[in-house]
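Residue-level listing of the chains:
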Amino acid sequence: MAITDYTESERKAELLALLLALKENGSYHSTGSDGKILYTLLFTTYQKMIEQDQQNFFIPKQQQSAISTSLQNTIDFYQSAKQGKIKQLLENLKPDDRTSFMILPIQFLTEGEQKHAAGLLIHRHNDQYVLSILDKARFFQQRTGSYLTIPEKNIEKFSELLLDSKNSDEIHRNSPTVSYDRWSNYGILKAFTTLSNEPQAKDLKINLSRQIEGNCIIAGVDAAFKTALYHCHTDIFQTIDTRKEKLTPKYNVKENATFQMRRRFLHALKGNDHNENKKLDRIFSYYEERKKMKKKLLKLNKTWKNSRNPLLKLIYHLKKTSIQKKQYTIHHGFNNMMKRDFSIMPLNGLPKARVQNLIKEDYQKTAIAELYAKVSPSKLTCIQKSKKRILFLVDFN
């Protein structure tokens, strides 16, 4: 079922579940009418979240208006049907102003002929446009972030590509102006490269957590949003040719900044409907409980990673694999829990009474307890030292 068939309340629930990685894209697309509805709702909620920020959590007060204007660029992009309007949006970006940007989803095929969406972050620098490509699944060039620079002289073709990027496959297929093959691997990204100053995209040298759930239509643009806010106070390009350590974009330097951002997003998404808000709170509770359970997993001793002792290095990598498996089990366990609870795929696929009357708390508590039993932390590693050897007794299950 397409997002166009849902009510406004159901769209909010779907968007929140996608943002929290509690469900995958399913039949939704980043192009066509699905994309227009989904991204308009997402970016208007981003705007509201920024406007509600009285504590300067995301950005200083004096920059909030500029950020809201930049978020409006995405909304205006989805209202534009002509190449000239897209060109105007690009021309309106302020040169060398990090608060002036445009964020777009970009869909392409990977090597395995799999449809995937990344986030595109566009800034204007002197007489060129800087395109940052944020891909949390790391399909494109096996990197989280890459970038290209496109000279202003190519703005006509660039805006044509951007206009086509939001069209459905059917419209793209029948378009007489399209000059690239959407169905080749990384088709539109290769088309961007032919317009750029580089033979291929360069490493952006940033680090973002790897995408676990198949929610790329939201994960990509959300990564671009986080990177855009981070770039406002930390120039991600300034030391790009010399820095050895990758930068890690964050919403805020405080601990649990992503969790706090998600909570603020939930607040901005809510309306005046009590039942709707209760449903959104229920969805968020799964995200919150999932995060708590992941925190209870054993922590890796990162000093072992580069230890000269080969046994310590072996222990590190085995433990890392074990923890990653448990994180995966937790992640998908909660997603399955929520599907059974809400039947969120689709929300309107069950009798109305099932949707309105939320499952009792006992169900959630029981399901969480069963999942925790599967991934409970291993017993404390016992390291016994002797004069000639170190004996490691480790539970890797």
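Residues numbered from 1 in each chain as written. Predicted model: local features only at pLDDT ≥ 70, side-chain atom pairs only at ≥ 80, totals over all residues. Heavy atoms only, no water.

(A) Inspection of the packing of helix α2 (residues 32-51) against helix α8 (residues 216-233) at higher detail. Viewed as axis vectors pointing N to C, α2 and α8 meet at an angle of 30°, and their least axial separation amounts to 12 Å. Taken as a pair, α2 and α8 cross one another with a handedness that is right-handed. Contact residues: α2 offers L38, Y39, L42, F43, Y46, M49 and I50, while α8 offers I217, I218, V221, D222 and F225. Among the residues forming the contact of α2 with α8, the class breakdown is 11 nonpolar, no polar and one charged. (Axes fitted to C-alpha atoms, helices over the stretch in contact; angles between N-to-C directions. Helix = DSSP H or I, 4+ residues; strand = E, 2+ residues; numbered from the N terminus. Left-handed = near helix turned anticlockwise from the far one by under 90°. Contact = heavy atoms within 4.5 Å. Nonpolar A, V, L, I, M, F, W, Y, C, P; charged D, E, K, R; others polar.)

(B) Geometry of the side chain of R143. Locating R143 in the fold gives a position in the loop between β3 (128-134) and β4 (145-151). Residue classification places R143 among the buried positions, given a relative accessible area of 19%. Of the polar contacts made by the side chain of R143, one reaches the backbone oxygen of A201; its length is 2.9 Å. Look past the residues within four positions of R143 in its chain and what remains in contact with it is D135, R138, A201, K202 and D203. (Buried < 20%, exposed > 50% of the residue type's maximum accessible area, 1.4 Å probe, protein only. Polar contact = N/O pair within 3.5 Å; in protein donor to acceptor, adjacent residues only side chain to side chain.)

(C) Examining the packing of aromatic side chains more closely. Under the criterion given, the structure shown has 16 aromatic pairs. Measuring from centroid to centroid gives 5.7 Å for F259 and F284, while their planes differ by 50°, and the two rings are tilted. One end of the pair, F259, is in helix α9 (residues 257-269); the other, F284, is in helix α10 (residues 274-295), and 25 residues separate them in sequence. Each member of the pair, F259 as well as F284, carries the same accessibility label: buried. Through successive ring pairs, a cluster of aromatic residues spans F43, Y46, F57, F58, F225, Y251 and F265. (Phe/Tyr/Trp six-rings, centres within 6.5 Å; stacked < 30°, edge-to-face > 60°.)

(D) The arrangement of the pairing of β3 in detail. Within β3, seven of the seven residues are buried, which leaves it mostly tucked inside the rest of the structure. Residues Q128, V130, S132 and L134 point to one face of β3 and Y129, L131 and I133 to the other, with burial holding for every one of them. Pairing analysis gives seven bridges linking strand β2 (residues 115-125) to β3, with the strands arranged antiparallel. The residue of β3 that forms the bridge with L120 is I133. Where β2 folds back onto β3 in an antiparallel hairpin, the turn is made up of two residues, including N126, whose phi is positive at roughly 55°. Here β3 runs beside β4; their pairing, made up of seven bridges, is antiparallel. Across the sheet, S132 pairs through a bridge with Y147, a residue of β4. (Pairing = 2+ DSSP bridges.)

So, to be careful, I would describe these as geometric facts and stop short of saying anything about function.
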